[in-house]
2 protein chains.
Amino acid sequence: MRNLLFTISYCGTNYHGWQVQNNAVTVQQTVQDAVEKILQKRENIVGCSRTDAGVHANMYCFNMKTDSVIPCEKFVSAFNAMLPDDISVKDCVEVNENFHARYDCKEKEYKYLILNSKIRNPFYSNRAFLYPYKLDEAFLNLQAKQYIGKFDFSSFCNAGSSVEDTVRNVKNASVTRNGDIIEFTVSADGFLYNMVRIMVGTLLDISSGKIPEDTIRDIILSKDRNNAGLTAPACGLYLNNVIY
Amino acid sequence: MRNLLFTISYCGTNYHGWQVQNNAVTVQQTVQDAVEKILQKRENIVGCSRTDAGVHANMYCFNMKTDSVIPCEKFVSAFNAMLPDDISVKDCVEVNENFHARYDCKEKEYKYLILNSKIRNPFYSNRAFLYPYKLDEAFLNLQAKQYIGKFDFSSFCNAGSSVEDTVRNVKNASVTRNGDIIEFTVSADGFLYNMVRIMVGTLLDISSGKIPEDTIRDIILSKDRNNAGLTAPACGLYLNNVIY
């Protein structure tokens, strides 16, 4: 049996996240339906992570075991013909039979886009979080560096997750500006539930003065979700890179 | 009576262009409906140009004569509260009573975005023209320079326009690349019907060899629409700047 690794991208606005749910349109469901149209049978597909409703992916990976002999490049074009415009299949490669898109992932990178403007931009509707107050990207970049390291990040995990090990190794975190778009980029060996969105909310609360500056390390060490900031909205979040 | 000049931006995907039409949702109609909700009366609004269905605007201007005493900044926020997310009002200033958003326009700039990739990008769906064949931006930039000058551009005007004077002064034209996005930028004192889209289609036909290189001047001088290229799709076109 072949094991195929697919790389896709999607605009998450019209989806209730990746994972199949009852009574909601999800990316996984949409992809599985496309597979069924192509192969005339259902196949089990395994995603690299759950993403929340409205979250986007510049890069997302899933693997699928199948008896089909369709060559990889044909799969890419068949998929793109079947899928809606807001999901695109970029690549397909054959991997060994034990490969698992979630467990074998070594590192992921997320981006979070903030439209730092008093006035909305129609081209960033549902694609960035509109934040009208002053943001100093150099200051926030310095604050963000305090996320880097191997820590118990339970202060940055919302209820609703069943994981027991809350230690994660954050390898990079930075804040940059391009015009009125502020971009927070973070990579780690894994992320807890809503972790990136709480990291962003905490940076915004530091910017506004609600949380004192230079306290991110203390917030991490407190292991208390109440000490971190609000959960920033889903619409600004993009899974940006998946490394195996 | 006050005369107010508004600057807006809009994503044109869900609109049948600017101009009010029967049985179709247009940007002008949507803006007029918002005015009626704010002022409890209809006001006549005058746009800087017609745009086709699906065409976008990073910057678009219209003026409105009104007896209302609402200050300009209040108008901006009231408008943004009333309008859908794909239209944004950026600015409002008071102008003299004779100002006319179309007739007083000295120069406009358009951008045309081409996604030069074999595979679609969900974030450019309806926002760029997907063109999968090789494009050499340096070569196309040189070709585009031949558009610059004051000419009769009737070769670059589709049927359906009622203008009699088809002479336009093209001030700048260039092609640049940013990753897999090719951007054609052109500014002129005015544009004929579908002029930018035919300019882009002609560049693509030159790239593919269907039209010989270095013939843009000849095509212009022939004053024959049949000699120019296809009309590129509306979804890649953005009104980018309006100068008074």
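Quick note: structure is the one above.
Residues numbered from 1 in each chain as written. Chains lettered and ligands numbered in written order. Predicted model: local features only at pLDDT ≥ 70, side-chain atom pairs only at ≥ 80, totals over all residues. Heavy atoms only, no water.

(A) Here's a closer look at the overall build of chain A. Within chain A, the secondary structure is distributed over five helices and ten strands. For chain A, the C-alpha radius of gyration of 19 Å lies close to 18 Å, the compact-globule estimate for 244 residues. C-alpha extents for chain A along the principal axes are approximately 60 × 40 × 30 Å. In chain A, which comprises 244 residues, the proportion classed as buried is 54%. The long-range fraction of contacts in chain A, counting pairs at least 24 apart against all pairs at least 6 apart in sequence, stands at 70%. (Helix = DSSP H or I, 4+ residues; strand = E, 2+ residues; numbered from the N terminus. Rg over C-alpha atoms; globule rule 2.2 N^0.38 Å. Buried < 20%, exposed > 50% of the residue type's maximum accessible area, 1.4 Å probe, protein only. Contact = heavy atoms within 4.5 Å.)

(B) The interface of chain A and chain B, seen in detail. Taken together, the 23 residues of chain A in the interface contact 23 residues of chain B. In total, about 1,800 Å² of surface goes out of reach between chain A and chain B, with carbon and sulfur atoms giving 52% of it. For the chain A face of the interface with chain B, the top three residues by lost area are R120, P122 and F123 of chain A, together amounting to 43%. Between the two partners, chain A and chain B, sit zero salt bridges. Our count for the contact surface shared by chain A and chain B stands at twelve residue pairs in polar contact (both at pLDDT 80 or more). Looking at the side of chain A that touches chain B, the elements with two or more residues in it are β1 (2-10), β3 (56-66), α2 (72-82) and β4 (87-95) of chain A. (Buried area = accessible area lost by both parts, 1.4 Å probe. Salt bridge = Lys/Arg side-chain N within 4 Å of Asp/Glu carboxyl O. Polar contact = N/O pair within 3.5 Å; in protein donor to acceptor, adjacent residues only side chain to side chain.)

(C) Broad picture of the state of the cysteines. Within this structure, the stated rule accounts for zero disulfides over all chains. Take C92 of chain A: it sits in no disulfide, and the sulfur closest to it among the cysteines is that of C72 of chain A, at 3.4 Å. You can call C92 of chain A buried: its relative accessible area is 7%. The thiol of C48 of chain B is not disulfide-bonded; the next cysteine sulfur, from C61 of chain B, is found 5.5 Å away. (Disulfide = S-S within 2.5 Å.)

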